[in-house]
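Fold and geometry: a report
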Amino acid sequence: MRKALFLASKNKDKIAELRSILESHRIALHSMLDFPEMQETLEDRDSIFGNAMKKAIEGAQYSGMRALADDTGLFVEALAGIPGVLSARYAGAGCSYKDNVRKLLSQMQGISNRKAYFETAVALADKSGIIGVVSGIVRGEIAESERGEGGFGYDSIFIVEGTHKTYAEMPDYQKNLISHRALAIEEILPLLLKNY
Ligand code: IMP
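Let me sum up the structure you'll find in this document. These numbers were taken from a predicted model, which means no experiment stands behind them.

Brief notes about the overall build of the chain
Of the regular secondary structure elements, the chain holds 5 helices and 7 strands. Counting from the amino terminus, helix and strand elements in the chain follow one another as β-α-β-α-β-β-α-β-β-β-α-α. Taken against the 2.2 N^0.38 rule, which gives 16 Å for 196 residues, the C-alpha radius of gyration of the chain at 17 Å falls within 12% of a compact globule. With the C-alpha coordinates of the chain rotated into their principal frame, the extents come out at 55 × 30 × 25 Å. In the chain, which comprises 196 residues, the proportion classed as buried is 45%. Once local pairs closer than 6 in sequence are excluded, the contacts in the chain between residues at least 24 apart make up 57%.

This is the structure we're talking about:
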């Protein structure tokens, strides 16, 4: 029998990515798209771990299934980890990806230490609480200007360590193989499959 897992997300790309990973493990993936009346969790915790755990717990309680949730941040060394947990709304409430990129490039003007990393926290929960939380990290540097057409968010200004390419200069399949999110999902898989 196929086991059920709930992904606390409406993002079609995230749902498709996880569905393809879980295909060979006989786990049927459900998401917020199957529960249109479910409200999105307010991401008000002070870390990506806190937000991922909050989303996973609310997802498990609402759906009655085991639930998985993620939260991602871009942490820039010279800015003391900013935008970090605030990555989605760095340039203000309702801002676009472009607004965030423009703001970060302007904050980084004249700064020679361009080191940064992406981190995705992934939490797994059931109705009684958190089962586990892990993360995936990809290190790199903030580019001087945008490069590449692919991806989303900060992809066009994040040069992946060891590649000389921004995420946006890679085809989707390549980014999805090495990304912070892929690493975090790989990390949670043993826990997800254990006793299930
Ligand atoms: P979320 O937790 O996946 O919603 O990510 C929060 C924010 O981080 C997004 O709104 C994006 O701005 C940024 N972000 C997350 N993942 C990526 C990525 O893979 N590339 C570039 N930006 C990302």
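Structural notes on the site of the ligand
As a structural note, the neighbourhood of the ligand is formed by 14 residues, with K14, D71, T72, D155 and K175 the closest of them. In this structure, an oxygen atom belonging to the ligand sits 2.9 Å away from a side-chain N or O atom of K14. Within the side chain of H180, a nitrogen or oxygen atom sits 3.0 Å from an oxygen atom of the ligand. When the ligand is considered free in solution it has 470 Å² of accessible area, and contact with the protein chains removes 90% of it. Tallied by class, residues from the shell around the ligand come to 5 nonpolar, 4 polar and 5 charged.

A closer look at helix α2 (residues 48-63)
Here α2 is 16 residues long and its end C-alpha atoms lie 22 Å apart, about the 22 Å a rise of 1.5 Å per residue gives. Those residues of α2 that sit buried are I48, G50, N51, A52, K54, K55, A56, G59, A60 and S63. On its buried side, α2 packs onto β1 (3-7), β3 (66-76) and β5 (115-126). Positive phi appears at G64, one or two residues downstream of α2, with a value of about 80 degrees.

Details of helix α3 (residues 97-107)
Each α-helix turn comprises 3.6 residues. Residues three or four places apart therefore point the same way. Listed as buried for α3 are N100, V101, L104 and L105. End-on view of α3: buried residues confined to an arc of 130 degrees, all on one side of the axis. Packing partners of the buried residues in α3 comprise β3, β4 (83-84) and β6 (129-142).

A word on the environment of A8
The residue A8 is located in the loop between β1 and α1 (12-22) in this model. Its relative accessible area of 11% is what places A8 among the buried residues. As a C-alpha pair, A8 and F118 span 110 residues in sequence and 20 Å in three-dimensional space. In this view, A8 contacts M32, K55, L68 and A69; residues no more than four positions away in its chain are not counted.

Examining the side chain of N51
One can find N51 in helix α2. The exposure class assigned to N51 is buried, which follows from its relative accessible area of 0%. Side-chain polar atoms of N51 contact the backbone nitrogen of D44, separated by 3.3 Å. Not counting the four nearest positions on each side in its chain, N51 is found in contact with E43, D44, R45, D71 and V85.

Regarding the side chain of R181
Here R181 shows up in helix α5 (residues 180-193). A distance of 3.5 Å separates a polar atom in the side chain of R181 from a polar atom in the side chain of T72. Excluding residues that lie within four positions of it along the chain, R181 makes contacts with K14, E17, D70, T72, T120, F152 and K175.

What counts and what doesn't
- Residues numbered from 1 in each chain as written.
- Predicted model: local features only at pLDDT ≥ 70, side-chain atom pairs only at ≥ 80, totals over all residues.
- Heavy atoms only, no water.
- Helix = DSSP H or I, 4+ residues; strand = E, 2+ residues; numbered from the N terminus.
- Rg over C-alpha atoms; globule rule 2.2 N^0.38 Å.
- Buried < 20%, exposed > 50% of the residue type's maximum accessible area, 1.4 Å probe, protein only.
- Contact = heavy atoms within 4.5 Å.
- Near = heavy atom within 4 Å.
- Polar contact = N/O pair within 3.5 Å; in protein donor to acceptor, adjacent residues only side chain to side chain.
- Areas by Shrake-Rupley, 256 points an atom, 1.4 Å probe, with all protein chains shown as cover.
- Nonpolar A, V, L, I, M, F, W, Y, C, P; charged D, E, K, R; others polar.
- Expected span 1.5 Å × (residues − 1).
- Arc of directions from axis to C-beta.

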